[in-house]
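Below, each chain spelled out in residue letters.
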Amino acid sequence: MRATSSRGFSLIETIIALGILTTGVLGAAAVLATGMNHLSSSPSDVVVTQKAAEAIEAVFSARDKLPWSTLRNKADGGIFHDGPQSLTRPGPDGLVNTDDDTTVETVRLPGPDQTLATGDDQIIELSTFTRDIRITDVAGQNGLLRMIVVVVTYKSGPAIRSYTLTSFISSYS
């Protein structure tokens, strides 16, 4: 009669397999944590895209009401503040980042029932958000074409996030 030997996994093979499994689980946990971080900032991401678009639209609207020479930053003799400014409501002129801006903007988000315009809505003040409007002449266009760059920055947990929107505007409407 012949004796057969039963062989299993050695201790070394088991430790290596556990190491590979641990690396995979930790990688998946990191991906999950990053995803949750992005998910938690989603409402703010929507707000910043809208506020940047509003600023661009306001500059385009101003082109039809104001002289072309005033559609610049203050450092260049225009009406728009230089550098990051608090996210405030526009004043009577309808333009953001100008001298007549009023209070800090707020946004209404749905509450636990996920329905907007009900009693449980959350009103959030955008006091940690800033908006920077930069208007510069495009080289070689004799001042008839300008680039508008709007950067909206906000704090999301420990990270500072920003959104940049770029557009061009000509003196012709």
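Below you will find a few notes about this structure. (Residues numbered from 1 in each chain as written. Predicted model: local features only at pLDDT ≥ 70, side-chain atom pairs only at ≥ 80, totals over all residues. Heavy atoms only, no water.)

**Examining the sheet that holds strand 5 (residues 145–156)**
Thought 1: Taken in spatial order, the four strands of this open sheet run 1-4-5-6, and their pairing is antiparallel. Edge strands, defined here as strands with exactly one partner in the open sheet, are strand 1 (85–86) and strand 6 (159–170).
Thought 2: The pairing of strand 1 with strand 4 (residues 130–137) spans two bridges and is classified as antiparallel. From the neighbouring strand, Gln 85 faces strand 4, where its bridge partner is Arg 131.
Thought 3: Contacts from helix 2 (residues 42–63) reach strand 4, strand 5 and strand 6, with the element oriented near 25 degrees to strand 6. (Pairing = 2+ DSSP bridges. Helix = DSSP H or I, 4+ residues; strand = E, 2+ residues; numbered from the N terminus. Contact = heavy atoms within 4.5 Å. Axes fitted to C-alpha atoms, helices over the stretch in contact; angles between N-to-C directions.)

**Looking at helix 2**
Thought 1: With 22 residues, helix 2 should reach 32 Å at 1.5 Å per residue; the first-to-last C-alpha distance of 33 Å fits that figure.
Thought 2: For helix 2, the secondary structure elements touched by its buried residues are strand 2 (106–109), strand 4, strand 5 and strand 6. (Expected span 1.5 Å × (residues − 1).)

**Quick look at the packing of aromatic side chains**
Thought 1: Under the criterion given, the structure shown has one aromatic pair.
Thought 2: Ring centres of Phe 129 and Tyr 154 lie 5.2 Å apart, and the angle between their planes is 10 degrees; on these two criteria the pair is classed as stacked. Within this pair, whereas Phe 129 is found in the loop between strand 3 (122–125) and strand 4, its partner Tyr 154 is found in strand 5, the two being separated by 25 residues in sequence. Just as Phe 129 is buried, Tyr 154 falls in that class too. (Phe/Tyr/Trp six-rings, centres within 6.5 Å; stacked < 30°, edge-to-face > 60°. Buried < 20%, exposed > 50% of the residue type's maximum accessible area, 1.4 Å probe, protein only.)

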